[in-house]
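# Results of the structural survey
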Amino acid sequence: MVKINGEMLDMAGKTVTEMLAAMEVNGQRVAVELNEDIVPKASYGETVLKEGDTVEVVRFVGGG
Amino acid sequence: MALPTREEMYAALEERHGAELQKKLSEASVAVCGLGGLGSNIAIALARAGVGRLHILDFDRVDISNLNRQQYFPEQLGMLKSDALCDTLSRISPYCEIQKDCVKLTEENIPELLSGEAIICEAFDRADQKAMLVNCVLETMPEKYLVAGSGMAGIGPSNTIITRRMMKRFYLCGDGSSDVDDGMGLVASRVLICAAHQANAVIRIIAGEYDV
């Protein structure tokens, strides 16, 4: 299990790209932290989530 | 009436904020990226507080649709926002050093354009541009403090707008969900709340107070 935005989800083994797709999140509007470090956007496809990881998906919405 | 001298302005700020904080504020340098409802209000709050140097960046011009929430005047319609806001900031805080850039920020130019400031405010309006700036700063400039805003559209409750410390040097203000793309307009009062959260987060960082 992987802790994503505080929720335990069955995402171990998935890449960040696959996780975002499963969450139905637009990858152009997020920043992703893995164990408190930023995941570079270019690495989403090759960064694999492991059992016990903590992920924060920061979703941005429009307006300013 | 003649303008107060630099020393008179400083003494008045020092009296209100205390000598220790005012010294930190006057030595601080902050970049404000995007000069719309968030950025224009953030910059004015920081100028009033006596922040010593502000770097303001926007590619756009003042439009009549901005006047409901952005700190511009009808006679400034058509001006570059960077020019119009620079004029206003100079009236508020005549000894503040202001660097203005009329430029569209991209992944390519951000590292160079924002190299001079320790604290960066994200104040764009489009979600994908917010994400671009935040990712670029966190990936390429890990030594910077970054204060972003997301979620302040509509007239929802004031108290849903909060400041969160997402990473050691990354703060995010807003309710996180009120999206202008969902048809909710932006209203001055609620945009100001988010801008004030961002400005206060900046001032706390300058003061060395890092918790939220």
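So, how was this worked out
- Residues numbered from 1 in each chain as written.
- Chains lettered and ligands numbered in written order.
- Predicted model: local features only at pLDDT ≥ 70, side-chain atom pairs only at ≥ 80, totals over all residues.
- Heavy atoms only, no water.
- Helix = DSSP H or I, 4+ residues; strand = E, 2+ residues; numbered from the N terminus.
- Buried < 20%, exposed > 50% of the residue type's maximum accessible area, 1.4 Å probe, protein only.
- Contact = heavy atoms within 4.5 Å.
- Areas by Shrake-Rupley, 256 points an atom, 1.4 Å probe, with all protein chains shown as cover.
- Buried area = accessible area lost by both parts, 1.4 Å probe.
- Salt bridge = Lys/Arg side-chain N within 4 Å of Asp/Glu carboxyl O.
- Pairing = 2+ DSSP bridges.
- Axes fitted to C-alpha atoms, helices over the stretch in contact; angles between N-to-C directions.
- Parallel < 35°, antiparallel > 145°, perpendicular 65-115°, else oblique.
- Left-handed = near helix turned anticlockwise from the far one by under 90°.
- Nonpolar A, V, L, I, M, F, W, Y, C, P; charged D, E, K, R; others polar.
- Phe/Tyr/Trp six-rings, centres within 6.5 Å; stacked < 30°, edge-to-face > 60°.
- pLDDT = per-residue confidence, 0-100.
- Core = buried A, V, L, I, M, F, W, Y, C linked by side-chain atoms within 4.5 Å.
- Polar contact = N/O pair within 3.5 Å; in protein donor to acceptor, adjacent residues only side chain to side chain.

What follows covers the overall build of chain A. Per the secondary structure count, chain A includes one helix and five strands. The principal-axis extent of the C-alpha atoms belonging to chain A is close to 35 × 25 × 20 Å. When each of the 64 residues of chain A is scored for burial, the buried share is 45%. Counting contacts in chain A only where the partners sit at least 6 residues apart, residues at least 24 apart contribute 56% of the total. In the structure as shown, chain A presents an accessible area of about 3200 Å², 47% of it carried by carbon and sulfur atoms.

The subject of this paragraph is the interface of chain A and chain B. Between chain A and chain B, the contact holds 20 residues from the first and 28 residues from the second. Of the roughly 1800 Å² buried at the junction of chain A and chain B (both faces included), carbon and sulfur atoms supply 61%. When the area that chain A buries against chain B is broken down by residue, the three leading residues are Phe60, Val61 and Gly64 of chain A, summing to 36%. Across the contact surface, chain A and chain B share two salt bridges. Residue Arg29 of chain A pairs with Asp181 of chain B through a salt bridge whose shortest N-O separation is 3.1 Å.

Next up on the list: the sheet that holds strand S2 (residues 7–9) of chain A. Residue and element names in this part refer to chain A. In space, the five strands of this open sheet follow the order S2-S1-S5-S3-S4, with mixed pairing throughout. What marks the edges here is a single partner per strand, and that holds for S2 and strand S4 (37–38). Relative to S2, strand S1 (residues 2–4) runs antiparallel, the two being bridged by three bridges. Across the sheet, Ile4 pairs through a bridge with Glu7, a residue of S2.

On to the packing of helix H3 (residues 37–48) of chain B against helix H4 (residues 81–92) of chain B. Between two packed helices, what matters for the description is the angle formed by their axes and the separation of those axes. Residue and element names in this part refer to chain B. Running from N to C, H3 and H4 point in directions that differ by 25°, and their axes come no closer than 9 Å. One way to sum up the angle between H3 and H4 is to call them roughly parallel. As for the relative orientation of H3 and H4, their crossing is right-handed in sense. Facing Ser40, Ala43, Ile44, Ala47 and Arg48 of H3, the residues of H4 in contact are Leu85, Thr88, Leu89 and Ile92. Its residues placed into classes, the contact of H3 with H4 shows six nonpolar, two polar and one charged.

Time to look at the packing of aromatic side chains. All names here are of chain B. Summed over the entire model, instances satisfying the criterion amount to one aromatic pair over all chains. A ring pair is formed by Tyr145 and Tyr210, whose centres lie 5.5 Å apart and whose planes are at 10°; its orientation type is stacked. Here Tyr145 is found in strand S5 (residues 145–149), whereas its partner Tyr210 is found in the segment after helix H7 (188–207), with 65 residues between them in sequence. Owing to a relative accessible area of 31%, Tyr210 belongs among the partly exposed residues under this scheme.

Let us look at the pairing of strand S2 (residues 53–57) of chain B. Across a regular strand the side chains alternate sides, sitting on one face of the sheet and then on the other. Residue and element names in this part refer to chain B. Taking burial as the measure, the five residues of S2 include five buried ones, the bulk of the element. Burial of S2 is two-sided: the residues Arg53, His55 and Leu57 facing one way and the residues Leu54 and Ile56 facing the other way are all buried. Here five bridges tie strand S1 (residues 29–33) to S2, and the two strands are oriented parallel to one another. Its bridge partner lying in S2, Val30 is registered against Leu54.

A residue-level look at chain A finds 100% of positions with pLDDT of 70 or above and a mean pLDDT of 96. Summarising per-element confidence for chain A, the mean pLDDT is lowest in S4 of chain A (94) and highest in helix H1 (residues 16–22) of chain A (97).

Take the nonpolar core next. Residue and element names in this part refer to chain B. Among the nonpolar cores identified, the biggest contains 43 residues, and Val30, Ile42 and Leu46 are the most heavily contacted of them. Of all elements in the fold, only S1, H3, S2, H4, strand S4 (119–122), S5, strand S7 (170–174) and H7 reach the threshold of two or more residues within this core. It is H7 that provides the largest number of residues to this core, a total of nine residues. Here Val30 is in contact with Leu46, Val51, Arg53, Leu54, His55, Glu117, Ile119, Cys121, Val202 and Ile206, once residues within four sequence places are set aside. With 27 residues, the next largest nonpolar core counts Leu57, Ile120, Ala131 and Leu146 among its residues.

Next up on the list: the side chain of Lys130 of chain B. Within the fold, Lys130 of chain B resides in helix H6 (residues 127–140). Here the side chain of Lys130 of chain B touches Gly149 of chain B through a polar contact of 2.7 Å, landing on its backbone oxygen. In contact with Lys130 of chain B, not counting residues within four places along its chain, are Phe60, Val61 and Gly63 of chain A together with Leu38, Glu122, Phe124, Asp125 and Gly149 of chain B.

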